[in-house]
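Structural description and commentary
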Amino acid sequence: MISALIVDDSLNQANTQLLARLFSDVGAFADITVVSTREQLEPTASASLVIADNIVDALAQGIAAAASKRTLIVSSALTFSTDDISRMAAELETRSMLEHTVFEPSTGRSILELPEMTPDTIIESMKHNSVWPFVCLATTRYALSATTPSGCTSVAEYLAQTLIRSLSDGDTVRSSTSVNPLMNPVDAARLTELSGAQLARCLHAAVDSLNIEELFPHHNWLSHSKESAAASYHSLAALFIRFGDKTAATQCLECSQRLDDSPRYFALKGIMQNESGETLGAVANFVSSLQMYEERTMNGSTSRYITFSPNDMEAVQTRLAQGLNALNSNDNSRAIEHFREAVFQFDPFFVQHGVERSNKNS
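Let me sum up the structure you'll find in this document. (Residues numbered from 1 in each chain as written. Predicted model: local features only at pLDDT ≥ 70, side-chain atom pairs only at ≥ 80, totals over all residues. Heavy atoms only, no water.)

Digging into the overall build of the protein chain
Which entries qualify depends on this criterion: Here a helix means four or more residues in a row that DSSP labels H or I, a strand means two or more in a row labelled E, and each is numbered from the N terminus. Whether a residue is buried, partly exposed or exposed follows from its accessible area with a 1.4 Å probe, protein chains only, as a fraction of its type maximum: under 20%, in between, or over 50%, in that order. Contacts: residue pairs with any heavy atoms within 4.5 Å of one another. Lys and Arg are tallied as positive, Asp and Glu as negative. Neither His nor the chain termini are counted. Think of each charge as sitting on NZ of Lys, CZ of Arg, CG of Asp or CD of Glu.
Helix and strand content of the protein chain: 17 helices and nine strands. Considered along the principal axes of its C-alpha atoms, the protein chain spans approximately 75 × 45 × 35 Å. Buried residues in the protein chain amount to 53% of all 362 residues. Look at the contacts in the protein chain between residues 6 or more apart in sequence, and 70% of them connect residues 24 or more apart. Here the protein chain holds 26 positive side-chain charges and 42 negative ones, and the gap between their average locations is 1 Å.

Listed below in structure tokens is the structure:
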């Protein structure tokens, strides 16, 4: 059997009442619970009610009280027919407890697709996606117990962390093809998009629960284990910078520097110092980075795994010269701008990880 938990996160509580009745009419669920922060929410005869100060705590309490090991968590902002709910219940009865099923919502014009979630794709998915459509999801009480609710600020983050951690147990996260519940685009933006801070915590969940070799399988771990590990930490540092977690980024950079001396290390330090207003330190690290990039390019060794080959060396040299001129004029801010752009033109790594957007928007 399945426990249904209806998250009262629609703007109109009448939607919550209607959804509870629809689930009750289907008759395929062991129990139905509405979780809410609204003390004035009217209870229904068909569902129990859990109220807490915030919706994540309410959901966690509802999960703890659920009668079944498998739980279907549903946003009340969704629109279903009774046939939709019957098809969902029938599908879930055939699924293993190690399978987590996401019913992707439709906004009428498009479907909010689930980013790929496997150990070897989760970093790339987090790099390219801020929308995680966890508004109708079947998971388990066991999987949810690995995530601390108090560390999450939305249901979407709570469920994202849960599914990321489940990957370390060999579980499978899949999207259903049977039902795409309807959702207002405004509600979709409100309930499925993760902020930078939330993405940073999800990235922590991935790093804490999975081996770095699993997260970055494309590196040459067999022949270049240290350089591969350093490159992986550079990627993590870049993402933590982009998501606004400078402490985690610094820890990743410290790990990388113990493994390999890389121009990316100095560039990333320069980016963080620039964002923190440490102008002189940023200048020094950008210059060190560019010097090392040039040295590695001109004196590249075949024993190196990570190599650098800028598409337009002339543009890099132009930026470098402009930066030196600005530095000689005591215009450190302008110098940083040119040095930073020279780094970005030298190495596509920063654009690929979105760090240049973080820096420009700081």
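Having seen the model, we can carry on.
Considerations on the packing of helix α13 (residues 279-298) against helix α14 (residues 313-328)
Heads up, the condition is: Only the contacting stretch of a helix is used when fitting its axis, a line to C-alpha atoms as for every element, and angles between N-to-C directions run 0 to 180 degrees. Crossing handedness is read from the near helix: turned anticlockwise from the far helix by less than a right angle, it gives a left-handed crossing, and turned clockwise, a right-handed one. Any residue that is not Ala, Val, Leu, Ile, Met, Phe, Trp, Tyr, Cys, Pro, Asp, Glu, Lys or Arg is counted as polar, Gly included; the first ten are nonpolar and the last four charged.
Close contact between α13 and α14 brings their axes to 12 Å; oriented N to C, the two are set at 150°. Note on packing geometry: the crossing formed by α13 with α14 is left-handed. On α14, the residues that touch V283, L290 and E294 of α13 are M313, Q317, L320 and L327. Here the contact of α13 with α14 is built from residues that sort into five nonpolar, one polar and one charged.

Some words on unusual backbone geometry
Positioned with a positive phi, N330 is a non-glycine residue whose angle comes to about 60°. With respect to the element layout, N330 can be found in the loop between α14 and α15 (332-346).

As for the packing of aromatic side chains
Quick note on the threshold: Any Phe, Tyr or Trp ring, taking Trp's six-membered ring, that has another such ring centre within 6.5 Å forms a pair; planes under 30 degrees apart are called stacked, those over 60 apart edge-to-face, and the others tilted.
Taken as a whole and judged by the stated rule, the model has eight aromatic pairs. Pairing W132 with F134 gives two aromatic rings, centres 6.2 Å apart and planes at 40°, and the pair type is tilted. Summarising the burial analysis for this pair, W132 and F134 share the class buried. Where Y293 meets F346, the ring centres are 4.9 Å apart and the plane angle is 25°; that geometry is what we call stacked. Placement of Y293 in helix α13 and of F346 in helix α15 is noted, with a sequence separation of 53 residues between them. Here Y293 and F346 have matching classes, each one buried.

Some points on the sheet that holds strand β3 (residues 48-51)
Put simply, the rule reads: Between any two strands, pairing holds if DSSP finds at least two bridges.
Taken in spatial order, the seven strands of this open sheet run β3-β2-β1-β4-β7-β6-β8, and their pairing is mixed. Whereas interior strands pair on both sides, the edge strands pair on one side only; in this sheet they are β3 and β8 (172-175). For this sheet, the mean inter-axis angle between neighbouring strands, taken without regard to orientation, is 20°. Pairing geometry for strand β6 (residues 99-102) and strand β7 (residues 136-140), over two bridges, is antiparallel.

A look at the side chain of R174
Tracing the sequence through the fold places R174 in strand β8. Given a relative accessible area of 18%, R174 falls into the buried group. Those residues in contact with R174 that lie beyond four places of it in its chain are E91, R95, E99, H100, T101, V102 and L114.

Focus on the packing of helix α10 (residues 225-243) against helix α12 (residues 263-275)
To keep things clear, this is the line we draw: Any angle from 65 to 115 degrees is called roughly perpendicular, while one under 35 is roughly parallel, one over 145 is roughly antiparallel, and all others are oblique.
Where α10 meets α12, the axes come as close as 10 Å, and the angle between the chain directions of the two elements is 15°. It follows that α10 is roughly parallel to α12 by the angle criterion. The interaxial crossing formed by α10 with α12 has left-handed handedness. Between α10, through H234, A237, A238 and I241, and α12, the contact on the second element is made entirely by R264, Y265, L268, I271, M272 and E275. Among the residues making up the contact of α10 with α12, the classes are represented as seven nonpolar, one polar and two charged.

Notes on a negative patch on the surface
Cut-off, in case you're wondering: Patches here are clusters of residues that have more than 30% relative accessible area and form no salt bridge, with a 9 Å joining cutoff for like charges and a 5 Å cutoff for nonpolar side chains (Val, Leu, Ile, Met, Phe, Trp, Tyr). Only the protein chains shown count as cover for residues, with accessible areas throughout obtained via the Shrake-Rupley method and a probe of 1.4 Å. Throughout this description, the term salt bridge denotes a Lys or Arg side-chain nitrogen within 4 Å of a carboxyl oxygen of Asp or Glu.
Where like charges cluster on the molecular surface, the negative patch consists of E116, D120, E213 and E214. Its location among the elements puts E214 in helix α9 (residues 212-215). The class of E214 is partly exposed, set by a relative accessible area of 32%.

Let's talk about the pattern of salt bridges
By the definition in use, this model includes twelve salt bridges. Close ionic contact of E227 with R296 constitutes a salt bridge, the shortest N to O distance being 3.8 Å. Linking E227 in helix α10 with R296 in helix α13, this pair joins segments that are 69 residues apart in sequence. You'll find E227 and R296 in the same group, each marked buried. Linking E341 and R340 is a salt bridge whose minimum nitrogen-to-oxygen distance equals 3.7 Å. The burial state of E341 is the same as that of R340; both residues are buried. By sharing partners, the salt bridges in this structure join E91, R95 and R174 into a single network.

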